[in-house]
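Overview (structure and organization)
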Amino acid sequence: MQSTSQAIPLCDKDEGGASEMDGRTLLAYVSAGGATERYAHIIAETLRSRGHVVDVIDLKRDNIPDLSSYGSVVVGTGVRMGMVYRKGKRLLRRKDLEGRRLAIFLSSGIAIKSAEKSKAKFLEPLVEKYGLDPAMYDAFPGKMPGSGGKL
Ligand SMILES: Cc1cc2nc3c(=O)[nH]c(=O)nc-3n(C[C@H](O)[C@H](O)[C@H](O)COP(=O)(O)O)c2cc1C
């Protein structure tokens with residue numbers, strides 16, 4: 001995944017690893033076709049390899065835990081028919097995200113050609129609408145119908 005290294009802003013800048021101040025990270029994703037799920041696990045492993053304690057939840061299956069025990073939250077979602085998945089948006093709307101380090105990633109077809117276009121079309125409006133201040137947000141190439149499930 002080309003942009004995995006962009007998860008690094010969630011890590012301590014000098015050490016390249018977690019500090020005690022970072023607390024736990026919640027990585028919550030929603031995926032229909034599997035791309036976001038795959039990215040979620042890659043990002044979780046990357047963060048763990050840098051010393052972060054990461055809890056991964058599938059928003060289709062799991063309840064959102066109490067966010068007060070998390071210093072950082074990563075939200076991953078896909079998009080279909082121009083609509084970012086509802087359960088991803090529901091988490092991004094939560095007021096208790098305030099004061100936590102936030103990262104957002106999106107899997108989308110548009111990002112196969114242009115991550116920037118995908119960010120501008122789907123993520124920037126959400127950041128604006130919900131008044132978010134993410135440490136980073138990015139779009140990754142999704143799976144396209146007929147691709148045989150390949151990313
Ligand atoms: C029915 C359908 C509609 C889609 N609509 C869009 C779209 O409007 N914009 C886009 O960028 N990608 C679109 N895609 C591509 C998805 O964003 C891509 O499959 C991505 O992997 C979805 O994330 P997920 O695999 O985690 O569910 C669509 C895919 C499908 C199957």
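Scroll up to find the structure.
Another aspect to go through is the site of the ligand. Around the ligand sit 20 residues, and of these Gly 33, Thr 36, Gly 78, Gly 109 and Gly 142 come closest. Those elements that place two or more of their residues in the shell around the ligand are helix H1 (35-49), strand E3 (70-80) and strand E5 (101-108). The greatest single-element share of the shell around the ligand, amounting to three residues, is contributed by E3.

Looking now at the pairing of E5. Look at any regular strand and the pattern is simple: side chains alternate between the two faces of the sheet. Of all eight residues making up E5, seven are buried, and the element is well covered by its neighbours. With seven bridges connecting them, E3 and E5 associate as parallel partners. Across the sheet, residue Gly 78 finds its bridge partner in E5, namely Ser 107. Examined bridge by bridge, E5 and strand E6 (residues 136-141) share six bridges and lie parallel to one another. The residue of E6 that forms the bridge with Ile 104 is Tyr 137.

Before going further, it helps to spend a moment on H1. Between its terminal C-alpha atoms H1 stretches 21 Å, which fits the 21 Å expected from 15 residues at 1.5 Å a residue. By the burial criterion, the buried members of H1 are Ala 35, Thr 36, Tyr 39, Ala 40, Ile 43, Ala 44 and Leu 47. Taken around the axis of H1, the buried residues stretch over an arc of 160 degrees, which confines them to a single face. Positive backbone phi, at 95 degrees, marks Gly 51, one or two positions downstream of H1.

As a further point, take the environment of Ile 110. Following the sequence through the fold, Ile 110 ends up in helix H3 (residues 110-113). Of the residues examined, Ile 110 has 20 C-beta atoms within 10 Å and is grouped as buried. Separated by 34 residues in the primary sequence, Ile 110 and Met 144 place their C-alpha atoms 9.7 Å from one another. In this view, Ile 110 contacts Lys 117, Ser 118 and Lys 121; residues no more than four positions away in its chain are not counted.

Analysis parameters
Residues numbered from 1 in each chain as written. Predicted model: local features only at pLDDT ≥ 70, side-chain atom pairs only at ≥ 80, totals over all residues. Near = placed C-beta within 6 Å. Helix = DSSP H or I, 4+ residues; strand = E, 2+ residues; numbered from the N terminus. Buried ≥ 20, exposed ≤ 12 C-beta atoms within 10 Å, placed from the backbone. Pairing = 2+ DSSP bridges. Expected span 1.5 Å × (residues − 1). Arc of directions from axis to C-beta. Contact = placed C-beta atoms within 7 Å.

Distances and angles like these do not, on their own, reveal function.
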